[in-house]
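For reference, the chains in residue letters:
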Amino acid sequence: GQDLTATVRVTLRAGEAGFEIAPTVTNLTDTAISFDFWQNAALAPGKANHPSAATRFILPADSVTVHSTADSTLPSPNQPMSWPRYAGRDLSRLGNWNRWLGFFEDPAAGNYLGVYDAAYDEGMVRVFPDVVTGAKVFAFGWQDPIAPDNWTDDGSGYVEIHGGPAPTFDDTVTIPAGGTLEWTETWYPVAGLGGLCYANAAAALNLSVAGGQVELGAAVTRPWSGQAVLLLDGQERWRRAMSLVPGQPFRFTFAPSTELPAQGHLDLRLIEQSGKTTAEYGMDFVRNDG
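Residues numbered from 1 in each chain as written. Predicted model: local features only at pLDDT ≥ 70, side-chain atom pairs only at ≥ 80, totals over all residues. Heavy atoms only, no water.

Draft legend 1. Main features of the overall build of the protein chain. If you tally the helices and strands in the protein chain, you get zero helices and 25 strands. Relative to its 290 residues, the protein chain shows a buried fraction of 48%. Long-range pairs, those at least 24 residues apart, make up 66% of the contacts in the protein chain between residues at least 6 apart in sequence. In the form shown here, the protein chain has an accessible surface area of approximately 13,500 Å², with 48% of it arising from carbon and sulfur atoms. Charged side chains in the protein chain number 18 positive and 32 negative. The centres of these two groups are separated by 8 Å. (Helix = DSSP H or I, 4+ residues; strand = E, 2+ residues; numbered from the N terminus. Buried < 20%, exposed > 50% of the residue type's maximum accessible area, 1.4 Å probe, protein only. Contact = heavy atoms within 4.5 Å. Areas by Shrake-Rupley, 256 points an atom, 1.4 Å probe, with all protein chains shown as cover. Lys, Arg positive; Asp, Glu negative; His and termini not counted. Charge placed at Lys NZ, Arg CZ, Asp CG, Glu CD.)

Draft legend 2. Spatial organisation of the sheet that holds strand β18 (residues 198–199). Judged by pairing direction, the sheet is antiparallel, and its four strands sit side by side in the order β18-β19-β20-β23 without closing on themselves. In this open sheet, the two strands that pair with only one neighbour each are β18 and β23 (250–254). Here eight bridges tie strand β19 (residues 203–210) to strand β20 (residues 213–220), and the two strands are oriented antiparallel to one another. Within β20, the residue paired with L207 across the bridge is L216. (Pairing = 2+ DSSP bridges.)

Draft legend 3. View of the sheet that holds strand β22 (residues 235–244). The four strands lie next to each other as β22-β21-β24-β25, forming an open sheet whose pairing is antiparallel. What marks the edges here is a single partner per strand, and that holds for β22 and β25 (277–286). On average, each strand axis in the sheet is inclined to that of its neighbour by 15°, with strand direction left out of account. With seven bridges joining them, strand β21 (residues 224–232) and strand β24 (residues 263–272) adopt antiparallel strand pairing. Along β24, the bridge assignment pairs A228 with L270. (Axes fitted to C-alpha atoms, helices over the stretch in contact; angles between N-to-C directions.)

Written out as structure tokens, the structure reads:
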């Protein structure tokens, strides 16, 4: 007999540059059921239908759990791995990978997961609620990848991001007798930011320091008006009123009138006319002017 039913509603709202994915899983029995449920997106930003070495995975974590890998220099399956750097290697950049790797966030707590290919200046964002604690990344490798002729005849490639209510494939969630588990995620493409650091359902942000200057960018999923504010070590250094629409990102290079310190903390905020913060990202930096 049938114990569980699952439906997935996909909604594209007028005037918005993102779409909603809303799964509903219902227990039809008179006993509790534990189960797995995962969604997987295969992504290939850019025109080449193949990720570049500059593809980055963006997740707000300092540790992940390896699911599987053919790279013997990385931890074994089910073992923790520091993120984004492990053993001096920045694994957020696909070009630094050797062989294939899949890993889970520990567990997903920042409510977003993204892929951004700097070579093509575009990517994809997944934003999800607290009830969804599963966020997974997989790619075929770079220096010694699984050959694309295993799945295609034109050399095309992709990377994967997964999402689900349980933290890993080995974990389950439980629905009581007659109960339902449902949630709504937002997915949207981003482009023209130069990179990606943070995302929520309303906006995606980029923030970096290079050559003593601050590179910043913002993109929205629906029309937005307010002010962008940049703070250095808690002190406001730049502010600009702006109106943003989907598909037209804001990108700016801030050259401070006085030199940036050797290290510090930056905050970028989008603040609505009402004073509400739409999106905010903070980062510690160390200047590297070489």
